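Single-letter residue listing:
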Amino acid sequence: QVQLVESGGGVVQPGGFLRLSCAASGSIVGILGMGWYRQAPGKQRELVATITSGGSTNYNDSVKGRFTISRDNAKNTVYLQMNSLKPEDTAVYYCNADIVATKTMMRAEYWGQGTQVTVSS
């Protein structure tokens, strides 16, 4: 069974930084795109950043220049380095990945359980 497990959330002051990690585990043939989404209270889930298997990245305009997405294909892990954090970055952050599992040999979308990021003084 394929799983995505996130870590690295927490409480930080404005201007601070956090690094989120998300590791995929299970019987995996390959991982295509990976990304991070977030959902603030009372708001819809939104894309934060994505990265292809080849390393091409895409960012929400609100995080450009502050957040950096990266991945380690050998570890099936995606990271989100978040710098210069603002109170409006407060949300639950979810990891997302398109994975081909050994059992199905089909591409499917997987989500992590979410990790809370709170930016507050």
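Not measured: the values here are computed from a predicted model.

### Quick word on the nonpolar core
1) Next: Trp36, Leu80, Met82 and Tyr93 are the most contacted members of the largest nonpolar core, which totals 31 residues.
2) Next: Going through the elements one at a time, strand 3 (18-25), strand 4 (28-39), strand 5 (46-51), strand 7 (67-72), strand 8 (77-82), strand 9 (91-101) and strand 11 (115-119) are the ones with two or more residues in this core.
3) Next: Beyond its immediate stretch of four places on either side in the chain, Leu80 contacts Leu18, Arg19, Leu20, Trp36, Val48, Ala49, Phe67, Thr68, Ile69 and Tyr93.

### With respect to the packing of aromatic side chains
1) Next: One pass over the full model with this rule turns up one aromatic pair.
2) Next: Centre to centre, the rings of Tyr37 and Trp111 are 5.1 Å apart; their planes meet at 65°, and the pair counts as edge-to-face. One end of the pair, Tyr37, is in strand 4; the other, Trp111, is in strand 10 (residues 107-111), and 74 residues separate them in sequence.
3) Next: For Trp111, a relative accessible area of 34% puts it in the partly exposed group.
4) Next: Across the ring face of Tyr94, the terminal group of Arg45 is positioned such that the distance to the ring centre comes to 3.8 Å.

### Structural notes on the pattern of salt bridges
One side chain can pair with another of opposite charge once the charged atoms of both are near each other.
1) Next: Taken as a whole and assessed by the stated rule, the structure comprises five salt bridges.
2) Next: The residue Asp89 makes a salt bridge to Arg38 at a minimum N-O spacing of 3.0 Å. Highlighted residues: Asp89 in the loop between strand 8 and strand 9 and Arg38 in strand 4, separated in sequence by 51 residues.
3) Next: According to the relative accessible area criterion, Arg38 is buried, its value standing at 6%.
4) Next: With a shortest N-O distance of 3.1 Å, Arg107 and Asp98 are connected by a salt bridge.
5) Next: The class of Arg107 is exposed, set by a relative accessible area of 55%.
6) Next: For Asp98, a relative accessible area of 18% corresponds to the buried category.
7) Next: Look at the salt bridges and you will find they share partners, linking Arg38, Glu46, Arg66 and Asp89 into a network.

Cut-off values and rules
- Residues numbered from 1 in each chain as written.
- Predicted model: local features only at pLDDT ≥ 70, side-chain atom pairs only at ≥ 80, totals over all residues.
- Heavy atoms only, no water.
- Core = buried A, V, L, I, M, F, W, Y, C linked by side-chain atoms within 4.5 Å.
- Buried < 20%, exposed > 50% of the residue type's maximum accessible area, 1.4 Å probe, protein only.
- Helix = DSSP H or I, 4+ residues; strand = E, 2+ residues; numbered from the N terminus.
- Contact = heavy atoms within 4.5 Å.
- Phe/Tyr/Trp six-rings, centres within 6.5 Å; stacked < 30°, edge-to-face > 60°.
- Lys NZ or Arg CZ within 6 Å of the ring centre and 35° of its normal.
- Salt bridge = Lys/Arg side-chain N within 4 Å of Asp/Glu carboxyl O.

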